[in-house]
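# Summary of the model geometry
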Amino acid sequence: MKLKRLFYLAILIIILGCEKLPDDFSSNSSASSGSSSNSSSLSSSSISSSSSISSSSSISSQASSSSSSAGAKSFELIFVCGTPIPFGGSTGKKCYSIWFENGSENFYQNIFICQNVRKYSYNWPTPYWLTNVKPKFSDSELDAVTGATHRIINGVDTNFNVDFTISNISLVSNITKFRVCFEINRSWAGNDWFIYGTYSGTNYSEEQPALLYAADVDLETSQTNYILQPIGWTPSTRNEPVADIVINNWQLFNLNSEMRYITYKRNSDNTFGEPDTEKAATKMVGEIRLIVK
């Protein structure tokens, strides 16, 4: 009997020992679960890294936005009339095209275009703008910035001799460096180098070419005032040198930077004489200023 009890006891111990195996296996399963949890942690870490990258992206975006806000400052352009220049045979009309540009960034933004520039474009009133800037825009885009030439002030006809200001100009790009350009022309305005003549029996002025004024703007500096200076003139089919005169670098529709053909008289031997204080086309401009707000 005692042997039987010992036998059953031994079997019971063996059985109880086998029942412990699932506990050990469960423990192994927990370790695997732990691995899975670690994997989950790694995954969360990756997501966190992604968030971090996204956050960096955000910072970069903010930096870009900051740069954009620098480029999106408001501007004011002021034109001050100079003194009248002699008329060659008729009432002279001023017309102008005003724009921003950064050629290296392929950036161009029209500010104001006189309606006569577009209406009489076949006469090439502002040839530099017409050949280099206008082709980049559609008619509807140009319509939005085209207006009448400033002429009437307080009900009085100033014969185009009027100061004006264009306010609330905003950049449409986040660039911080660009050139502000103001091309201006006036009919019936010859000088010693550019002739007056007749065409089909009618007085016809081969006037001085359109002048280009410009200033380079850098919004990364503290400068807020920019005075535009004449940097050249662009001949069109309406400009013709005096007979037998050779003008250096003369090429239709190309900017010529030799301003003495505008601002100096001509000697009898066709060399530059003294400053022309009467007919120089630069006289019609007192000042052109861009203010950064």
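Sequence positions are assigned chain by chain, starting from 1 and proceeding in written order. In view of the model being predicted, local features appear only for residues whose pLDDT reaches at least 70, and side-chain atom pairs are presented and counted only at 80 or more, with totals across whole chains, interfaces and linings using the full set of residues. Just so you know, side-chain values use all the structure's heavy atoms and leave hydrogens and water out.

## Thoughts on the overall build of the protein
A count of helical and extended segments in the protein gives six helices and 16 strands. Only protein chains enter the accessibility calculation, which uses a 1.4 Å probe. A residue is then buried if its area is under 20% of the maximum for its type, exposed if over 50%, and partly exposed in between. The buried share of the protein, taken over its 293 residues, is 37%. In this analysis, two residues are considered to be in contact whenever any of their non-hydrogen atoms come within 4.5 Å of each other. Of all intrachain contacts in the protein linking residues separated by at least 6 positions in sequence, the fraction that spans at least 24 positions is 70%. The Shrake-Rupley method, run with a 1.4 Å probe sphere, supplies the accessible areas, and residue values consider only the shown protein chains as cover. Counting only carbon and sulfur atoms, one obtains 50% of the accessible surface of the protein, whose full area is about 16,400 Å². Every helix listed is a DSSP run of H or I at least four residues long, and every strand listed is a run of E at least two residues long, numbered separately from the N terminus.

## As for the sheet that holds strand 16 (residues 285-292)
The rule for pairing is simple: two strands pair if DSSP sees at least two bridges between them. Taken together, four strands build an open sheet; the order of strands is 7-1-16-12 and the sheet is antiparallel. One side of each edge strand has no neighbouring strand; the edge strands of this open sheet are strand 7 (164-170) and strand 12 (225-227). Averaged over all neighbouring strand pairs, the angle between strand axes comes to 15°, with direction disregarded. Across three bridges, the pairing between strand 12 and strand 16 is antiparallel. Of the residues in strand 16, the one forming a bridge with Ile 227 is Arg 289. To get an axis, fit a line to the C-alpha atoms, keeping to the stretch in contact for a helix; angles then go from 0 to 180 degrees between the N-to-C directions.

## Some words on the sheet that holds strand 11 (residues 210-218)
Each strand in a sheet pairs with its neighbour through backbone hydrogen bonds, running either in the same direction (parallel) or in the opposite one (antiparallel). If you trace the six strands from one edge of the open sheet to the other, you get 4-3-2-8-11-13, paired in mixed fashion. Taken across any chain shown, the strands that pair with only one partner, and hence form the sheet edges, are strand 4 (146-147) and strand 13 (229-234). Across eight bridges, strand 8 (residues 177-186) lies against strand 11 in antiparallel orientation. Paired with Glu 183 across the two strands is Leu 212, which belongs to strand 11.

## Topic: unusual backbone geometry
Non-glycine residue Asn 106 carries a positive phi angle of around 55°. Residue class for Asn 106 comes out exposed when judged on its relative accessible area of 57%. A positive phi angle is found at Trp 124, which is not glycine, with a value near 55°. Structurally, Trp 124 is set in the loop between helix 3 (115-119) and helix 4 (127-132).

## Description of the pairing of strand 1 (residues 74-81)
The sheet contact formed by strand 1 and strand 7 spans five bridges and is antiparallel. Considered in strand 7, the bridge of Phe 79 is made with Phe 164. Alignment of strand 1 against strand 16, held across seven bridges, turns out to be antiparallel. Within strand 16, the residue paired with Glu 76 across the bridge is Ile 291.

## Structural notes on the side chain of Glu 101
Structurally, the position occupied by Glu 101 is in strand 2 (residues 94-102). Working convention for charge: Lys and Arg count positive, Asp and Glu count negative, and His plus the chain ends are omitted. The working definition used for a salt bridge is a side-chain nitrogen of Lys or Arg within 4 Å of a carboxyl oxygen of Asp or Glu. Comment: no salt bridge for buried Glu 101; closest opposite-charge side chain is Arg 179, at 5.3 Å. By the criterion applied in these results, polar contacts are pairs of N or O atoms within 3.5 Å in which, for protein atoms, one can donate a hydrogen and the other can accept it, and in which residues neighboring in sequence qualify only through two side-chain atoms. A polar contact is formed between the side chain of Glu 101 and the side chain of Trp 99, at a distance of 2.9 Å. Among all residues touching Glu 101, those that are not within four sequence positions of it are Phe 107, Tyr 108, Tyr 128, Val 133, Phe 178, Arg 179 and Cys 181.

## What about the packing of aromatic side chains?
Stacked, tilted and edge-to-face pairs are distinguished by plane angle, under 30 degrees for stacked and over 60 for edge-to-face with tilted covering the rest, among Phe, Tyr and Trp rings (Trp via its six-membered ring) whose centres lie within 6.5 Å. Applying the stated criterion across every chain yields a total of 18 aromatic pairs. Taken together, the ring pairs in this structure connect Trp 193, Phe 194, Trp 233, Trp 250, Tyr 261 and Phe 272 into an aromatic cluster.

## Remarks on the pairing of strand 15 (residues 272-275)
Two elements, strand 14 (residues 264-266) and strand 15, share two bridges in a ladder whose sense is antiparallel. Paired with Tyr 264 across the bridge in strand 15 is Pro 275. Between strand 14 and strand 15, which pair antiparallel one after the other, the connecting turn spans five residues, and Asn 270 there sits at a positive phi close to 65°.

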